[in-house]
Amino acid sequence: MATSPRTSIATPTRQMSTASGEDFRITTNIDAASIPQDQRKQCVLFYTPETEHLAKKVAQLGGASIELGKIRWRKFADGFPDLFVENAMNIRNKHVAFLASFHNPSVIFEQISVIYALPRLFVGSFTLVLPFFPTGTLERVETEGDVATAFTLARILSNVPPSRGGPTSLVIFDIHALQERFYFGDAVLPLFESGVPLLLERLRQLPDRDNITIAYPDEGAWKRFHYQFKAEGYPEVVCTKVRDGAKRIVRVKEGDCKGRHVVIVDDLVQSGGTLLECQLVLASMGAKHVSAYVTHGVFPNYSWQKFSPQNGENASSGFKYFWITDSCTVATQVANLAPFEVLSLAAPIAAALQI
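Residues numbered from 1 in each chain as written. Predicted model: local features only at pLDDT ≥ 70, side-chain atom pairs only at ≥ 80, totals over all residues. Heavy atoms only, no water.

Draft legend 1. Geometry of the overall build of the protein chain. Scanning the protein chain from terminus to terminus reveals eight helices and 17 strands. A compact globule built from 355 residues should have a C-alpha radius of gyration of about 20 Å, and the protein chain, at 21 Å, falls within 12% of that. Based on the C-alpha atoms only, the size of the protein chain along its principal axes is roughly 65 × 50 × 45 Å. Within the protein chain, the fraction of its 355 residues that count as buried is 48%. (Helix = DSSP H or I, 4+ residues; strand = E, 2+ residues; numbered from the N terminus. Rg over C-alpha atoms; globule rule 2.2 N^0.38 Å. Buried < 20%, exposed > 50% of the residue type's maximum accessible area, 1.4 Å probe, protein only.)

Right, dumping it as structure tokens:
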């Protein structure tokens, strides 16, 4: 990922900041415009049935530099995959990419089969785009016997065969825990991108953009994302979970949200319980509007149905906006339902295919 260092003076009143003059390294996604025309790659992008819509967007934005490849996805009578890469001879010595979606364990084996096969077809180079790393929340062992499946999946992806051009490039957006980058072996080159720049661009378009406050549901989200909002100068609110008897409840640890349009930022949402608690707490403290952004809207068991649009000026009634990206397949279900808006990863993916 391209890195452009910036120096920012830490706010003296922020308790979680370190010394004044802390060096925040602001990482940005690949900028396709900065790549000279004569250095741009011609890429053949393959995809799964679930990522076809996103792949077509990527190809459209990539223009003449990205063409779509086709794979025949079938199953034998016993349920095992029957796969075929069309025009396999024509991709020799070309830059090839695969847009994967591990949204369900049942599809991982067939996709891994394709992922392992493509580099062996004498392609010039190979890039695997896995927008959502699904086992990211299972990254550590807290009790002997726990299985850190994040490490397992990283090991599987680390064994993708090299292409003629060398190791596989692996593109992932907002992996849950930053230390997971060290789970990958030397046989792959991970590129960690973020969906937050898409949110920043959307916030600049809002009519109340000067009244935005960024909130984090816990200290972990603050540590993970706050540096990306430094340059914009947004005020911040940090929430935390405290124990109240047998329950854990959300409280505001620091920051003021009165009269503000507060945007809660996190990497993913599953059941949505924490975000809903944050919304009610922020509304009770005087927030004018509450919105949310997550890169990965997982929403198992239709949990997206819990989120209602705000009714009038009552921030406790629902969310003004709920932004997600199209990293997960549920994005197609909620794209036209308030309060949801989908911020597409197509542009950053198209740019990432050029390195």
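Draft legend 2. Fine view of the nonpolar core. If you look at the biggest cluster of nonpolar residues, it comprises 31 residues, and the most contacted ones within it are Ile264, Leu282, Phe299, Phe307 and Phe322. Of all the elements in the fold, those that place two or more residues in this core are β12 (236-244), β14 (261-269), α6 (273-284), β15 (289-297), β16 (322-325) and α7 (331-334). The element that contributes the greatest number of residues to this core is α6, accounting for five residues. Setting aside residues up to four positions removed in sequence, Phe299 forms contacts with Val269, Gln270, Trp304, Phe307, Phe322, Ile324, Val330 and Phe340. (Core = buried A, V, L, I, M, F, W, Y, C linked by side-chain atoms within 4.5 Å. Contact = heavy atoms within 4.5 Å.)

Draft legend 3. Quick peek at the side chain of Gln310. Inspection of the secondary structure assignment puts Gln310 in the loop between β15 and β16. Of note is the side chain of Gln310, whose polar atom sits 2.9 Å from the backbone oxygen of Gly312. Beyond its immediate chain neighbours, meaning those up to four positions away, Gln310 contacts Lys288, His289, Val290, Ala315, Ser317, Gly318, Phe319 and Lys320. (Polar contact = N/O pair within 3.5 Å; in protein donor to acceptor, adjacent residues only side chain to side chain.)

Draft legend 4. Main features of the pairing of strand β3 (residues 43-47). The buried fraction of β3 is high, at five of five residues. By the alternation rule, side chains of β3 split into Cys43, Leu45 and Tyr47 and Val44 and Phe46, which are all buried. Here β3 runs beside strand β4 (residues 66-68); their pairing, made up of three bridges, is parallel. Within the sheet, the bridge partner assigned to Val44 lies in β4 and is Glu67. Chirality of the crossover, the property in question, places the unit of β3, helix α1 (residues 52-62) and β4 among those that are right-handed. Inspection of the sheet shows β3 paired to strand β7 (residues 95-99) by five bridges, in the parallel sense. Bridging from a neighbouring strand, Val44 pairs with Val96 of β7. (Pairing = 2+ DSSP bridges. Right-handed = clockwise from strand over helix to strand, strands pointing away.)

Scope: geometric values only; no functional claims are made or implied.
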